[in-house]
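Take a look at the letters that make up each chain.
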Amino acid sequence: MLAKMLSQKALGLLRQWQALANWRDLSQLRGKQAPKDQPKDQKPKGNAKPTTSTADDSKVPEGMLSSTKSVFGPLVDCDRIFQNLYGRHDWRLEGARKRGDWHRTADLIKMGPDWIMGEVKRCGLRGRGGSGYYAGHKWEYLRKVQAKGKVLIVNCAEGEPGTCKDREILRHEPHKIIEGCLLAGCAMGCERCIVYVRNRFYNEACNLQLALAEAYRCGLIGCNSCETGVKLDIIVQRGDRYLTGEETALVNCLMGKLARPRRRPPFLHEQGYFDHPCVVVNTETLAVLPTVLRRGAVWFTSLGSDKNFGTKLFCISGHVVNPCTVEEEMSMPLRNIIERHAGGVCGGWDNLLAVWPGGLSAPLIGAACAGQVLMDFDHLSAAGSELGTAAIIVISKDCDPLLVMQHSIEFFMDQTCKQCTPCRDGAIWLPELFSSFVKGEAVPQMIEFVEIIRKKMENSTICGLCDSQANLAGSLIQHFRPLIEARILQYAN
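So, a few notes on the structure that sits alongside this text. (Residues numbered from 1 in each chain as written. Predicted model: local features only at pLDDT ≥ 70, side-chain atom pairs only at ≥ 80, totals over all residues. Heavy atoms only, no water.)

Taken as a whole and assessed by the stated rule, the structure comprises two cavities of 30 Å³ or more. Estimated volume of the largest cavity: approximately 60 Å³. Residue lining of the largest cavity: Leu-243, Pro-261, Thr-416, Cys-417, Gln-419, Cys-420, Cys-423, Thr-461, Cys-463 and Leu-465, and that is the complete set. For the lining of the largest cavity, a count of residues per class yields seven nonpolar, three polar and no charged. (1 Å grid on protein atoms, 1.4 Å probe; cavity = no way out; pocket = protein on both sides within 12 Å on 5 of 7 lines; lining within 4 Å. Points joined across faces, edges and corners; volume = space filled by probe spheres on them. Nonpolar A, V, L, I, M, F, W, Y, C, P; charged D, E, K, R; others polar.)

Set out below in structure tokens:
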């Protein structure tokens, strides 16, 4: 009966996948009991702390402050770190100084590297580039290295779809980046800094170069930065590839090699940029550092929930009334962020289908979960997703979700470096499968193959790109499986 309903192309696809299943020993894989996926619209209970956490207690920096705050946002203007985010004021040195940049920077440097690192650990600053790793831990690795020529590398690649926060900082707050490089370089003992900027950010790179020229001319950086005797030279280097968001691929690109991730060990703090110890830090992480040191760890930990302190730049796009980039308090509810700053979902909140809370690499969450979840590392992890770069991409019911599904999975097909077999094969098979789902030229059994491929891809490669593909494919099937089956039945009929 099924053979009569399906086209010759669908039958051919079924035979191909049945052969593949036999080769991969499908029966053995199906016999293993997989853990049940979390319901797509499961609601977190009020303000209760998540059961799972990306910040394990054993990994918390020594001396980090805690918080019992339970109500978050909206952020008051006096607590905003990026006061020129929209470019309404002068971005040059004179305007930056009026907003508090470079204020008593020499005094902060004279406090010494130990004090700077102590404040970074006390405030619980976590990486804003997607990993959420504690900056105090990461910087301490390089600081302990007894070697000359240590290099600080700033990652402004920002190739994640839906993300545009670092671009706004480069364009309108370049002096915050330069001052953050100086303070972080002083803490880790770096005398050189390389700012990697995406090729497409031409105007932003020009603004950064002009800001660097102003800083050199005024003696803020160089051989005698701020007249403290600290040496730091900053250069700008440009490139353009999504994979350079991975730190080892970025370092390879800076050295003139193929932008491919490499195996570790050796780690970058052992053998990095031309064999010199180095560390790669996100732009936003460095930009918030001067304000944190001036206002103190107590102020920073007064914002956000426990272990998720401070403010965060959220990039809101997709099916919203007013797409924007906004600075808000960490742990603010996702629904409040969308409705307060983006004008809400097109057609109202009831028209919401799903949300990517942390860019395309983060798993989708359903409408019910999106109405309750808090935007921070731990609460999103408990909800089955990730904060990532905090790029909020909204999907409404007005679009074809299967077409969105196909376009999102095809993005990784062009970005893989084809170095690892699971990632390379997954980038070939997954787009072909999802293309068949969109057209309906498939059979229901083919949906199971996505789960098989996803399990083969997880934790099996050098970098996290393969895991991003696997997480995306798994969340798409979890949320849109009924729509896929309906499309297949429609085509069969």
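The rest of the description comes next.
Here we come to the packing of helix α9 (residues 174–188) against helix α12 (residues 283–295). One can describe the packing of α9 onto α12 by two numbers: an axis separation of 7 Å at closest approach and a directional angle of 75°. Viewed along their axes, α9 and α12 adopt a mutual orientation that is roughly perpendicular. Note on element contacts: α12 touches α9 through Thr-283, Leu-286, Ala-287, Leu-289, Pro-290, Thr-291, Leu-293 and Arg-294, opposite Lys-176, Ile-177, Glu-179, Gly-180, Cys-181, Leu-183 and Ala-184. (Axes fitted to C-alpha atoms, helices over the stretch in contact; angles between N-to-C directions. Helix = DSSP H or I, 4+ residues; strand = E, 2+ residues; numbered from the N terminus. Parallel < 35°, antiparallel > 145°, perpendicular 65-115°, else oblique. Contact = heavy atoms within 4.5 Å.)

Let us look at helix α6 (residues 113–122). Within α6, the full set of buried residues consists of Ile-116, Met-117, Glu-119 and Val-120. One side of α6 holds all its buried residues, which, seen down the axis, span an arc of 160°. Those residues of α6 that are buried lie in contact with α5 (105–110), α7 (135–143), α9, α12 and α13 (297–301). (Buried < 20%, exposed > 50% of the residue type's maximum accessible area, 1.4 Å probe, protein only. Arc of directions from axis to C-beta.)

Judged by pairing direction, the sheet is mixed, and its five strands sit side by side in the order β3-β4-β2-β1-β5 without closing on themselves. Of all strands in the sheet, those bounded by a partner on one side alone are β3 (222–225) and β5 (278–282). Strand-to-strand twist in this sheet, taken as the mean axis angle between neighbours without regard to direction, amounts to 30°. Where strand β1 (residues 151–156) meets strand β2 (residues 192–198), six bridges bridge the pair, whose relative direction is parallel. Paired with Cys-156 across the two strands is Val-197, which belongs to β2. (Pairing = 2+ DSSP bridges.)

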